[in-house]
Amino acid sequence: KIAVASQNRRTIMEHAGRCRNFWIYETEQDKVVRKELLELPKEQSFHDSSPHASHPLDEVQVLIAGGMGHGLSHRLTHKGIVGVVTPETDPDRAVAAYLDGSLVVLLPARTIMITITITITVMVMVMVMVMVTVTVTVGSIAIQTPDQTA
């Protein structure tokens, strides 16, 4: 089974954690054999439900969305569900493309955050090294100036 986050029932929703409407596609041999809408109450959205409790989407193997945060990505992985983020906006096209291997998939949020964190860390380390060098140089000048006066 493949679930697709679609709050308005027409397009793929970007924030899967807050979504309460999901198209559920049953497939056999890479073909869709059934499609039905699953409508959840607010308290069963991923954002508002416990990650440790059972959930109506626990039976799917794949969840396709326009975006998902680190928490939902981790929750799905823990439950054995593949979370797929795509720029595709049409649910039927997304499922067909997923099944034939042509779906454009974006990096999960946590991969992007890790990359940004590493980049920022490296930049901060370089800045600290430059600041330390400048501080030492300025400090040396400040120390040498009083010695020359005495």
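Refer to the structure printed above.
Everything numeric here is computed off the predicted structure, so don't read it as measured data. (Residues numbered from 1 in each chain as written. Predicted model: local features only at pLDDT ≥ 70, side-chain atom pairs only at ≥ 80, totals over all residues. Heavy atoms only, no water.)

A.B. asks: Run through the packing of aromatic side chains, naming residues and quoting values.
C.D. replies: Taken as a whole, this structure holds one aromatic pair when the rule is applied. An angle of 80 degrees between the planes, with centres 6.2 Å apart, marks the rings of Phe 22 and Phe 46 as edge-to-face. In this pair, Phe 22 is assigned in strand β2 (residues 21–28) and Phe 46 in the loop between β3 (31–39) and β4 (62–65), connecting sequence segments 24 residues apart. Given the relative accessible area of 0%, Phe 22 is considered buried. Judged by relative accessible area, Phe 46 falls into the buried class, the value being 8%. Note that Lys 35 overlies the ring of Trp 23, its terminal NZ or CZ placed 4.3 Å from the centroid. (Phe/Tyr/Trp six-rings, centres within 6.5 Å; stacked < 30°, edge-to-face > 60°. Helix = DSSP H or I, 4+ residues; strand = E, 2+ residues; numbered from the N terminus. Buried < 20%, exposed > 50% of the residue type's maximum accessible area, 1.4 Å probe, protein only. Lys NZ or Arg CZ within 6 Å of the ring centre and 35° of its normal.)

A.B. asks: Can you break down helix α1 (residues 70–78) residue by residue, with the values?
C.D. replies: Taken residue by residue, α1 has Leu 72, Ser 73, Arg 75 and Leu 76 as its buried positions. Axial view of α1: buried residues confined to an arc of 160 degrees, hence all on one face. Phi for Gly 80, located one or two positions after α1, is positive at around 80 degrees. (Arc of directions from axis to C-beta.)

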